[in-house]
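Results of the structural survey
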Amino acid sequence: GQQVQQSPASLVLQEGENAELQCNFSSTATQLQWFYQSPGGSLVSLLSNPSGTKHTGRLTSTTVTKERRSSLHISSSQTTDSGTYLCAIDTGNYKYVFGAGTRLKVIA
Amino acid sequence: DMKVTQMPRYLIKRMGENVLLECGQDMSHETMYWYRQDPGLGLQLIYISYDVDSNSEGDIPKGYRVSRKKREHFSLILDSAKTNQTSVYFCASSLVLGQGVSGNTLYFGEGSRLIVV
């Protein structure tokens, strides 16, 4: 079945530093989304990026479909960025498979 | 207002009891999902619904069933709950824009925490 691997599992940054999160998947993805899960548990979509590079605010996602990998770059991290970042892949039937996530902690 | 609402948010049940988790969305999205999330794991798909009475198993459907009689409502039913079904359950909905199209965003509810004792 489809596997989604995220790295690193956890990351601690000083405020202002940049973060680079990785997502690797084992088969072709027609859709790829990055999600943020707050410490309280709520989930929100950050970016939908099946291929190429997308920017929104301080976030940049680059997906290289044929290499089956995506990255999420967070620039100038803030304490409010702390939480878990999840990558999810749709293999073509809208059944999204999620990675285990990267837990980010930003320290002031 | 784009919102996915889950009820109840917290629930404690005894083993063997039936559980009903309900989900509603106000966006007329065709596709709805039920996931569960356990510590250290990502979200695991239980069921997906493509529209009214058009449901499909996800990766872990055993012990669960679903009902979708109206587009805006999607229910998850546990007949005779088991302790290993203790988890946080998330409902989501999505407007399907097409294959490979950027923007098929999933909107999640706040989660329902179920404890089976």
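Now for a description of the structure that goes with this document. (Residues numbered from 1 in each chain as written. Chains lettered and ligands numbered in written order. Predicted model: local features only at pLDDT ≥ 70, side-chain atom pairs only at ≥ 80, totals over all residues. Heavy atoms only, no water.)

Bringing the state of the cysteines into the picture now. Residues and elements named next belong to chain A. Going through the model one piece at a time under the given rule, you end up with 2 disulfides over all chains. Disulfide pairing places C23 opposite C87 at an S-S distance of 2.0 Å. One disulfide, between C23 and C87, carries an S-S torsion of -65° and so falls in the left-handed class. Here C23 is found in strand β3 (residues 19-25), whereas its partner C87 is found in strand β9 (residues 83-90), with 64 residues between them in sequence. Residue C23 shares its accessibility class with C87, and that shared class is buried. (Disulfide = S-S within 2.5 Å. Helix = DSSP H or I, 4+ residues; strand = E, 2+ residues; numbered from the N terminus. Buried < 20%, exposed > 50% of the residue type's maximum accessible area, 1.4 Å probe, protein only.)

Before going further, it helps to examine the packing of aromatic side chains. What the rule picks out here adds up to 10 aromatic pairs over all chains. Between F98 of chain A and Y35 of chain B the ring centres are 5.2 Å apart and the planes differ by 80°, which places this aromatic pair in the edge-to-face class. Note that F98 of chain A is positioned in strand β10 (residues 96-98) and Y35 of chain B in strand β4 (residues 31-37), a pairing that runs across two chains. Each member of the pair, F98 of chain A together with Y35 of chain B, is buried. The buried category is assigned to Y35 of chain B, whose relative accessible area is 0%. Ring pairing ties together the aromatic residues F35, Y96 and F98 of chain A together with Y33, Y35, F90 and F108 of chain B, which thus form one cluster. (Phe/Tyr/Trp six-rings, centres within 6.5 Å; stacked < 30°, edge-to-face > 60°.)

All right, on to the interface of chain A and chain B then. With 23 residues of chain A at the contact, the number on the chain B side is 26 residues. Both faces considered, chain A and chain B share a buried interface measuring about 1,900 Å² in area, 52% of it formed by carbon and sulfur atoms. The three residues of chain A that bury the most area against chain B are L43, Y94 and K95 of chain A, which together make up 33% of that side's buried surface. On inspection of chain A and its partner chain B, the count reaches 7 residue pairs in polar contact (both at pLDDT 80 or more). Residue assignment for the side of chain A that touches chain B shows that the elements contributing at least two residues are β4 (31-37), β5 (43-48), β9 and β10 of chain A. In terms of residue count, β4 of chain A provides more of the side of chain A that touches chain B than any other element does, 4 residues in total. (Contact = heavy atoms within 4.5 Å. Buried area = accessible area lost by both parts, 1.4 Å probe. Polar contact = N/O pair within 3.5 Å; in protein donor to acceptor, adjacent residues only side chain to side chain.)

Right, let's get into unusual backbone geometry. Glycine aside, negative phi is the norm for most residues, and most peptide bonds take the trans geometry. Across the junction of S7 of chain A and P8 of chain A, the peptide omega takes the value -10°, indicating a cis bond. Note on placement: P8 of chain A falls in the loop between β1 (4-7) and β2 (10-14). A cis geometry characterises the amide bond from M7 of chain B onward to P8 of chain B, with omega recorded as -10°. Position of P8 of chain B relative to the elements: it lies in the loop between β1 (4-7) and β2 (10-13). For R68 of chain A, which is not a glycine, the phi torsion comes out positive at approximately 55°. Within the fold, R68 of chain A resides in the loop between β7 (59-64) and β8 (69-74).

Residue and element names in this part refer to chain B. With 4 bridges joining them, strand β5 (residues 43-51) and strand β6 (residues 54-57) adopt antiparallel strand pairing. In the sheet register, D51 faces β6, and the bridge partner there is S54. Between β5 and β6, which pair antiparallel one after the other, the connecting turn spans 2 residues, and D53 there sits at a positive phi close to 55°. (Pairing = 2+ DSSP bridges.)

Moving on, we come to the pattern of salt bridges. Following the criterion strictly, the structure yields 6 salt bridges over all chains and no others. Between R69 of chain A and E67 of chain A there is a salt bridge, with its nearest N and O atoms 2.7 Å apart. Judged by its relative accessible area of 31%, R69 of chain A is partly exposed. Look at E67 of chain A and you get partly exposed, because its relative accessible area is 46%. Taking the shortest distance from any N to any O, the salt bridge between R36 of chain B and D38 of chain B comes out at 3.0 Å. The exposure class of R36 of chain B is buried, given its relative accessible area of 9%. (Salt bridge = Lys/Arg side-chain N within 4 Å of Asp/Glu carboxyl O.)

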